[in-house]
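Each chain, written out:
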Amino acid sequence: MSILRMRSLSGRLLLLAAGAWFGAGLGVRLPAAEPAAYPHFQEVLRLLRANLEGATEEELNRALVQGLLDHFHPRVLLLTNAEPAPAPTNHVLRSEIYEPAFAYLRLGSVGAGLATQLDAALDSLRATNTVRGLILDLRYTDGEDYRAAAEAADRFTSVERPLLCWQDTQLRSTAKTNAVALPTAILVNTETRGAPEALAAVLREIGPSVVVGRTTPGVAAAAVTFPLGADRGLRIASAALTVGDRLVLTNGVVPDITIDVSPEDERAYYDGKAPPTPPAEAAARAATPRVNEAELMRRRRGTTPDGTSDEAPPPPPSASAPAAPAVGDPALARAIDLLKAVALLGHSPR
């Protein structure tokens, strides 16, 4: 995107910025769903200049610029030469083990230091558990650090290969003997934005990984910084990303397994709360006893627990037998079932 194109942003986008700051003062609410109904920006600006008491040209300019920055954050950022170094961030929000050999890692963001934090979280879980699969939860995860996404993905491949490319930049993995070689289920949704989208796409490309959830919004684009005078720059996410050596990431990440759940219910499950009306899949799952790996192996061999023929229906489980805790979150439950099947069959999910 050139500077001239950057300066010729359409009138309706600039009007969004003006409306964010002056809409309440003018007593006007613009129809968000009908951008064609917006008046032209220049006409609104003319009326503001003529009639908004006490508003200076500097205030109008600041409001318009700030409105645009707020609306397009974090895809558009205003930079100065004195930008402070970012504070360290805990990208891994949660880590635990499910049933009983599948590691679950929930990310809050993708940024500098993520790869190291992933290593530490997995090492901690492996210290006390035999881990046979990984669930990487990227729902509601954001971030614009595509180098950090590539560094994290590098942990999952043992060979040298292209991971992410844009313009003149190509990020590649390194050959190694200690790569994470676990079947992986990646959870995504419509709030998986930016670098997490790239991370999900790269992990699926290098495998063995499967994406579960809902299609991501498709806002992943590497940032290019344009100069604004001597001491400022405007960073705009405008460079298309190529995953591996062929896939251009433009329309979001489409899951291999789609989970049909409303945004409200999905958020409730993610936060550990029961939604008002559980989806049919979750209700059916709750009514069906969870089957552990030993029971799956028995059924595969066609024998009862005492080794006899399995032609007759097996007896009901003992009331005193411990049951695996129910997982209400449909996406997480599907990921666990998938990894359980992979562990049983000894095959990768791709």
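Residues numbered from 1 in each chain as written. Predicted model: local features only at pLDDT ≥ 70, side-chain atom pairs only at ≥ 80, totals over all residues. Heavy atoms only, no water.

S.K.: Explain the packing of helix H6 (residues 146–154) against helix H7 (residues 195–206) to me, please; I cannot follow it from the model alone.
M.R.: Geometrically, a packed helix pair is captured by the angle between its two axes and the distance between the axes. Where H6 meets H7, the axes come as close as 9 Å, and the angle between the chain directions of the two elements is 30 degrees. Considered as vectors, H6 and H7 are oriented roughly parallel to each other. Of the two elements, H6 crosses H7, and the hand of that crossing is right-handed. Taking contact as the criterion, the partners of Tyr146, Ala149, Ala152 and Ala153 in H6 are, on H7, Ala195, Ala198, Leu199, Val202, Leu203 and Ile206. Classifying every residue of the contact of H6 with H7 gives ten nonpolar, no polar and no charged. (Axes fitted to C-alpha atoms, helices over the stretch in contact; angles between N-to-C directions. Helix = DSSP H or I, 4+ residues; strand = E, 2+ residues; numbered from the N terminus. Parallel < 35°, antiparallel > 145°, perpendicular 65-115°, else oblique. Left-handed = near helix turned anticlockwise from the far one by under 90°. Contact = heavy atoms within 4.5 Å. Nonpolar A, V, L, I, M, F, W, Y, C, P; charged D, E, K, R; others polar.)

S.K.: Would you explain the nonpolar core in this entry?
M.R.: Core analysis: the largest hydrophobic core is formed by 53 residues, its most contacted members being Leu105, Leu118, Tyr146, Leu164 and Leu199. Apart from residues no more than four positions distant in its own chain, Leu118 is found in contact with Val92, Leu105, Leu107, Leu136, Ala152 and Phe156. Counting 21 residues, the second-largest nonpolar core is a separate cluster that includes Ile135, Leu332, Ala333 and Ala343. (Core = buried A, V, L, I, M, F, W, Y, C linked by side-chain atoms within 4.5 Å. Buried < 20%, exposed > 50% of the residue type's maximum accessible area, 1.4 Å probe, protein only.)

S.K.: How do you make sense of helix H5 (residues 114–128) when you look at a structure like this?
M.R.: Residues separated by three or four positions in an α-helix point in the same direction, a consequence of the helix having 3.6 residues per turn. The end-to-end C-alpha separation of H5 is 22 Å, in line with the 21 Å expected for 15 residues at 1.5 Å each. Among the residues of H5, Leu114, Ala115, Leu118, Ala121, Leu122 and Leu125 are the ones counted as buried. All buried residues of H5 lie within an arc of 130 degrees about the axis, which places them on one face of the element. Seen from the buried face of H5, the exposed residues on the opposite side, beyond 90 degrees, are Thr116, Ala127 and Thr128. Those residues of H5 that are buried are in contact with strand S2 (92–98), strand S3 (102–107), strand S4 (133–137), H6 and H7. (Expected span 1.5 Å × (residues − 1). Arc of directions from axis to C-beta.)

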